[in-house]
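# Structure assessment
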Amino acid sequence: MTIVSAISLDLLLPRKLKYIVALVSILGSLIAFVPIIFQYANYSSPEILFEGSYVIDKFSLILKGLFILVTYLTFLLSVNFVESDEYYQGEYYFLLLSSLLGALVVTSSRDLLTMFIGIELASTPMFLLSGWKKGDQKSNEGSIKFFLLGVLSASLILYGFSLLYGVTGKLVFSDIANTLIQSDLNQSPVTLLSAILILAGIGFKISIVPFHSWAPDTYEGAPLPVTAYLSVSSKATGFVALIILISKVFYASGQGLGIILVFISGITMFVGNLSALQQTNPVRLLAYSSIAQAGFILAPMAVAGITGNYEDGVYASVTYLIIYAFMNVGAFLVINLLQRNIQSDDMYDWGGLAREMPLAGIFAVIFFFSLAGIPPLGGWFAKFVVFRSLLSTGEIFGVSLGIVGAINAVIALVYYSRVSKIIWMDSPSENVKSNKDTLIPSPLRVVGFVSLILTIVSGIFPGIFSNLGEASSIFFNS
Amino acid sequence: MSIQPILIAAAALFSIGIYGILVRRNAVMVLLSIELILNSVNINFVAFNAMLSDVFLNGQIFSIFIITIAAAEVGIGLAIVLMLFRNRETANINEFDLMKW
């Protein structure tokens, strides 16, 4: 609860002064991180509030820490961006903070109402933020696409929730699961229908394949820091909701759902990677790559639905989510840095940029190779955990999904390494002028080094992150 | 009173809403279709609440929350449509095709 109150205090302050706002938000998100560490260090047993609808346990604490840290990095990414144009600043930070609050609520929510409000609070400010560049038609267009599909997805989730409530008469997840088991409704068509509706709704948020079409457009239109936030925190919110729902409500009826998820996850990887191969716009490339990564994060949960071994699935998904978050923020930082120098939507114009900006070039190599999963960077450990959880089951679905994942890891390496190749080896393009803006502002420098350290440390000492993942999965035994 | 007719009405409203989203070309009409879906959910919740004679009134509370959030969402939606209309002088979602693939 301390976390929530710290954030709400933070929410009240930002409306007052223009320039203090940024400072207050950045410090506030850093301060909010402190109670989380203390709560985690002094953790003894889950703290249950409001008759089981709001629970603070290790799972939620770890993810709260992740969300706060990612928002902190997004703030640092934003400072130079927001100052560079004349739009009013205060609401930018306010909207990002309310989105963060929504994400924090989702991690602790253990009933339908709390979870729905958390999801809405997390996604509604993003509709506005993605249309932040009011005069830019691409930004407008991305925003309306995101809004229409986002609201549609919310209503699909709601229809699923209403069926679940109608079948069981309960709102708290554990009660729903118990009632489903007692009245033997786990395999009934109503339960499956509601599960599919909820999956479709959350599928929009995490951009898995039949529901991914908004993502590249919105990512391209939105301001770059917002895109980074969308592809990391917004997506993670959807995943957290999905993980909680699958392992708390649908765990006994996971079989059918698991098979659906396995297919979705495989198709998501292929569509994301094959579309990313032909992109020339770096932001769209990262958008498709993050769709493909969503397939990887989903895979362990899908297989866990079939085998029933949720502990392992949650562990792999959460570990992947944490590492993915930092390397993706880093990748967006690289694009941000390079676009400050050469304002072009075509990455082939970036030839030889690394010689002008060696630090950005090094960042580019590290983050993109980490996304591709090259050891000793963090990405390899994330992929290793996912493949282990897929293959160790011995299930036919798990093994075939593992093979699909391996093929896709190779496809992904092509376009990730192409970016580094252009930056380091190609000769400078002649049709664009460089701004000679090679200086890296200090907030961006901080973002770069924080993500860099986290990415490398998680690759060399994976024990740290696997502890976090294990701690978060233990809770699901109950 | 049996609950089937109410549920069928709600499901019909839901389907009409989905149909409207897919077919309508005006962004404001799409927003209205989304409202239809949200209201079908409300009907569902209230009907289930009555059927189960839930003493905690969970379903009714839920539908009040949905009404509130729907209002906030439509506010944001209209703001975005207004912004689009200023820049493009159209609210036809077929013409928003700057970005493909």
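Every chain is numbered on its own, with residues counted from 1 as its sequence reads. Here chains are named by letter from A upward and ligands by number from 1 upward, in the order in which they appear as written. Whole-chain, interface and lining totals are the exception, using all residues; otherwise, since this is a predicted model, local features are given only for residues with pLDDT of at least 70 and side-chain atom pairs are given and counted only at 80 or more.

## Re the overall build of chain B
Applied cut-off: In this description a helix means any DSSP run of H or I spanning at least four residues, a strand means any run of E spanning at least two, and both kinds are numbered starting from the N terminus. Only the C-alpha atoms count toward the radius of gyration. The rule for a globule is 2.2 Å times the residue count to the power 0.38. Think of it as a crowd count around each C-beta: if 20 or more other C-beta atoms lie within 10 Å the residue is buried, if 12 or fewer it is exposed, and in between it is partly exposed, with C-beta placed from the backbone throughout. Here contacts are defined at the residue level, using C-beta atoms placed from the backbone and a cut-off of 7 Å between them.
Looking only at helices and strands, one finds three helices and zero strands in chain B. Helices and strands in chain B line up, N terminus first, as α-α-α. For 101 residues, the compact-globule estimate of 2.2 N^0.38 gives 13 Å, and chain B exceeds it by more than 25% at 17 Å. When its C-alpha atoms are laid out on the principal axes, chain B stretches across 50 × 25 × 25 Å. Burial statistics for chain B: of 101 residues in total, 32% are counted as buried. Contacts in chain B between residues at least 24 apart in sequence constitute 51% of all its contacts with a sequence separation of at least 6.

## A word on unusual backbone geometry
Its identity as a non-glycine residue notwithstanding, S207(A) has a phi of 50 degrees, on the positive side. Tracing the backbone shows S207(A) in the loop between α8 (189-206) and α9 (214-221). In the Ramachandran plot, L57(B) falls in the positive-phi region, its phi being about 55 degrees despite a non-glycine side chain. With respect to the element layout, L57(B) can be found in the loop between α2 (27-52) and α3 (58-88).

## Overview of the interface of chain A and chain B
For clarity, the cut-off: Three residue categories are used. Nonpolar comprises Ala, Val, Leu, Ile, Met, Phe, Trp, Tyr, Cys and Pro, charged comprises Asp, Glu, Lys and Arg, and polar comprises the others, including Gly.
Taken together, the 29 residues of chain A in the interface contact 32 residues of chain B. Every element with two or more residues in the side of chain A that touches chain B is listed here: α5 (112-130), α6 (137-168) and α9 of chain A. Top contributing element to the side of chain A that touches chain B by residue count: α6(A), with 16 residues. Per-class residue counts for the side of chain A that touches chain B are 13 nonpolar, ten polar and six charged.

## Regarding the environment of L377(A)
Residue and element names in this part refer to chain A. The residue L377 is located in the loop between α15 (358-372) and α16 (378-391) in this model. Of the residues examined, L377 has 25 C-beta atoms within 10 Å and is grouped as buried. Taking C-alpha positions, L377 is 30 Å from G221, a pair spaced 156 residues apart along the chain. Non-local contacts of L377, meaning those with residues more than four positions away in its chain, are made with I366, F369, S370, T455, I456 and G459.

## Thoughts on the UniProt feature "transmembrane region" (unreviewed entry) in chain B
All names here are of chain B. Note the following rule: UniProt positions are given in the numbering used here, feature names are shortened, and annotations may be inferred rather than shown by experiment.
The positions UniProt marks with the feature "transmembrane region" (unreviewed entry) are residues 6-23, 30-52 and 64-85. When the span residues 30-52 is considered, its composition is 100% helix and 0% strand, and the gap between its end C-alpha atoms is 33 Å. What you have in residues 64-85 is 100% helix and 0% strand, and the ends, taken at the C-alpha atoms, are 31 Å apart.

## Remarks on the environment of K58(A)
Relative to the helices and strands, K58(A) is located in helix α3 (residues 58-84). When the C-alpha atoms of K58(A) and L444(A) are compared, they prove to be 31 Å apart, with 386 residues separating the residues in sequence.

## Regarding the confidence of the model for chain B
Our working rule: Confidence scores here are pLDDT values: one per residue, from the predictor, ranging 0 to 100.
Chain-level pLDDT for chain B is 85 on average; 92% of the residues reach the 70-or-more range. For this predicted complex, the interface score ipTM comes out at 0.92, while the overall pTM is 0.88.

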